[in-house]
Amino acid sequence: MAQGIPDEVMMNTALIKELAEVAKDAALQQGVLMRIKETPNSSELVTYTSFTLFPTPVPKDVFHQALAVQTHYNTLVDKISQDADFLQEALASTIAVDDFTARLFKIHQQILKEGRSQSIVLGLNRSDYMLDQREDGTSSLKQIEINTFAASFGGLASRTPDVHRQILKVAGRLEESQRILDNNPAAGLVGAIAKAWELYGSERAIVMFLVEDTQRNIFDQRCIEYELWKRNIPTRRKGFGDVVKTGKLDQDKRLFVDDLEVAVVYFRNGYMPQNYISEQYWDARLLMERSLAAKCPDISTHLAGTKKVQQVLAKPGVLEKFFPDQPQVVGQIRATFAGLYTLDMGPEGDKTVAMALAAPDRFVLKPQREGGGNNIYGSEICKVLEEMKEPTERTAYILMDKIHPTPSKNYLLKRDAPLQISNCLCELGAYGAYVRRGEDMVMNECVGHLLRTKSSEHADGGVAVGVAVLDNPLLF
Ligand code: ADP
Ligand code: MG
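Treat the numbers as computed from the prediction; the structure is a model and nothing was measured.

What counts, and at which threshold
Residues numbered from 1 in each chain as written. Chains lettered and ligands numbered in written order. Predicted model: local features only at pLDDT ≥ 70, side-chain atom pairs only at ≥ 80, totals over all residues. Heavy atoms only, no water. Helix = DSSP H or I, 4+ residues; strand = E, 2+ residues; numbered from the N terminus. Rg over C-alpha atoms; globule rule 2.2 N^0.38 Å. Buried < 20%, exposed > 50% of the residue type's maximum accessible area, 1.4 Å probe, protein only. Contact = heavy atoms within 4.5 Å. Lys, Arg positive; Asp, Glu negative; His and termini not counted. Charge placed at Lys NZ, Arg CZ, Asp CG, Glu CD. Near = heavy atom within 4 Å. Polar contact = N/O pair within 3.5 Å; in protein donor to acceptor, adjacent residues only side chain to side chain. Nonpolar A, V, L, I, M, F, W, Y, C, P; charged D, E, K, R; others polar. Salt bridge = Lys/Arg side-chain N within 4 Å of Asp/Glu carboxyl O. Pairing = 2+ DSSP bridges. Axes fitted to C-alpha atoms, helices over the stretch in contact; angles between N-to-C directions. Parallel < 35°, antiparallel > 145°, perpendicular 65-115°, else oblique. Left-handed = near helix turned anticlockwise from the far one by under 90°.

Engineer: Whenever I open this one, the overall build of the chain confuses me. Can you help?
Structural biologist: In terms of regular secondary structure, the chain is built from 17 helices and 21 strands. At 22 Å, the chain has a C-alpha radius of gyration in line with the 23 Å of a compact globule built from 476 residues. If you line up the chain on its principal axes, its C-alpha atoms span 65 × 55 × 45 Å. Residues classed as buried in the chain amount to 58% of the 476 residues present. In the chain, once contacts between residues fewer than 6 apart in sequence are set aside, the share between residues at least 24 apart is 74%. Averaging the coordinates of the 55 positive side-chain charges in the chain and doing the same for the 62 negative ones gives two points 2 Å apart.

What follows is the structure, encoded as structure tokens:
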């Protein structure tokens, strides 16, 4: 490929072997780390986070398009989160059949009824895209989803550029190495967390990372913790269990966990049904939502990031409602939408079903789940749609056009996996960070990017589930 790494390098077996060794050591030295699956809660033995041997060519214009639209996505998510009527209407058919979304929605309603106790809103998100291949060979930026909850890899993505630079230099590709962009989402995410913490206004109060029980990807989070400590902002890692056992609100609704006052709850856990192993965990979520702590995200921003909301936004006239006098912003956001189709009961949903059954390979069927590995493709789509016990079950899903990115060749470095060339597809993410107090947006920024690459054999799945690996764009 002209824009990328030439074949003479790609196919040079001896060189590739040498580069892979350099690459793994460089990753370890830069802190691109992951705990191993055998001991996910210990740092005695760790490995590198899977990554590509080479950066992947990405066209400049689409890359910059993704960064440029990010602040508008931040605004959009934030506006949706404040529009209770919109959320109610958008999610009505989903919550009728999807228990998890229904439980989240119940918390949202309860908070609305009681009144929000905190006017500081902290939003950290990542909008993910694939570059859809057009017939003329160019590509267009299409959003896969926006993650408003626990968007990860902003820490490790800050550490991978130097790894790729070194590999390229060893490969004798100095020019390409100089084209690897700096990237520091961790610093930007922390800028927003720090702002929210300051606005909360208590030096003793902590930023609480609400973490999973199994913590393989701890180093990604540690990058953010490290940046916070550099700014003298105290942070602690706590699980739902800690909140269940010791969480309480004082009369001003200040949140205390293990007797520490919490200024910011940064959720890195709580987006999957299985994260809530008992009713007490749901009580703990409600307790945090009710509190004066700034939540990242708060419950309404969590709901704004659902796939159903994404589908509703693609309906004609909906974006215009959120940006009434800004046709240019509407245009910029809409340009990134892939085809999204409702499965609500009624003629429009019936049409979607017929369309999916007629050409299942053109679509992806998506439930309201996060974390990779939940989507349905190809003939499975027909099976799922045809074998539903109740027709209304279909409203738990949305249908989306399948995006076809241009494949490229690369080596995926994964622990204990053979070193072999793979046909790869990549997904570009842009990190957004914003802070609002009351009516005032005090910060709204795009703070970096993420490129993840997977073998084209896999239809689905992220880095955490072991399918995708970290990468860097090589702009051309
Ligand atoms: P999750 O919340 O599980 O991350 P995503 O919507 O990001 O859900 O889908 C997971 C993965 O499935 C993506 O990373 C991508 O590889 C693939 N995928 C999702 N939507 C599409 C699509 N419309 N076309 C092609 N691949 C898709
Ligand atoms: Mg995703």
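Engineer: Mind showing me how you'd approach the environment of L199 here?
Structural biologist: Here L199 lies in helix α8 (residues 185–200). Apart from residues no more than four positions distant in its own chain, L199 is found in contact with I120, V435, R437 and V442.

Engineer: Sorry if this is basic, but what is going on with the site of ligand 1 here?
Structural biologist: Around ligand 1 sit 21 residues in total, of which K307, K366, G372, E427 and K454 are the nearest. The contact in question runs from an oxygen atom of ligand 1 to an N or O atom on the side chain of Y377, over 3.0 Å. D460 is positioned such that a nitrogen or oxygen atom in its side chain is 3.4 Å from an oxygen atom of ligand 1. If you list the elements that add at least two residues to the shell around ligand 1, you get β6 (139–147), β14 (363–367) and β16 (397–401). Of the residues contributing to the shell around ligand 1, the split by class is 7 nonpolar, 4 polar and 10 charged.

Engineer: Teacher, can you tell me more about the pattern of salt bridges here?
Structural biologist: Any two side chains of opposite charge can pair if their charged atoms end up close together. Throughout the structure, instances matching the rule amount to 30 salt bridges. Between K308 and D344 there is a salt bridge, with the nearest N and O atoms lying 3.1 Å from each other. Taken together, the positions of K308 in helix α13 (residues 307–313) and D344 in the loop between β13 (340–341) and α16 (347–358) put the pair 36 residues apart, joining distant regions of the chain. You can call K308 buried: its relative accessible area is 1%. A relative accessible area of 25% places D344 in the partly exposed class. Beyond isolated ion pairs, a larger network of salt bridges with shared partners links R126, D128, E427 and R452.

Engineer: What exactly am I supposed to notice about the sheet that holds strand β15 (residues 376–377) here?
Structural biologist: Strand order in this open sheet of 4 strands is β13-β16-β14-β15, and the pairing throughout is antiparallel. Of all the strands in the sheet, just β13 and β15 have a single pairing partner and so form its edges. Both β13 and β16 contribute to a ladder of 2 bridges, which runs antiparallel. The residue of β16 that forms the bridge with Y341 is L399.

Engineer: Just to check I follow, could you spell out unusual backbone geometry for this structure?
Structural biologist: Most of the time, phi is negative for any residue but glycine, and the peptide bond is trans. Note the cis peptide between C296 and P297, where omega equals 0°. Mapped onto the fold, P297 is located in the loop between β12 (294–296) and α12 (299–304). Notably, K253 is not glycine yet its phi reads approximately 70°, a positive angle. We classify K253 as partly exposed; its relative accessible area is 29%.

Engineer: I'm lost on the packing of helix α2 (residues 13–30) against helix α6 (residues 160–170) in this one. Help?
Structural biologist: Relative placement of two packed helices is described by the angle separating their axes and the distance separating the axes. Where α2 meets α6, the closest approach of the two axes is 9 Å, and the angle between their N-to-C directions is 150°. Taken together, the axes of α2 and α6 lie roughly antiparallel to each other. For α2 against α6, the interelement crossing comes out right-handed. In this structure, α2 contributes E18, L19, V22, A23, A26, A27 and Q30 to the contact, and α6 contributes D162, V163, Q166, I167 and V170. Split by residue class, the contact of α2 with α6 holds 8 nonpolar, 2 polar and 2 charged.

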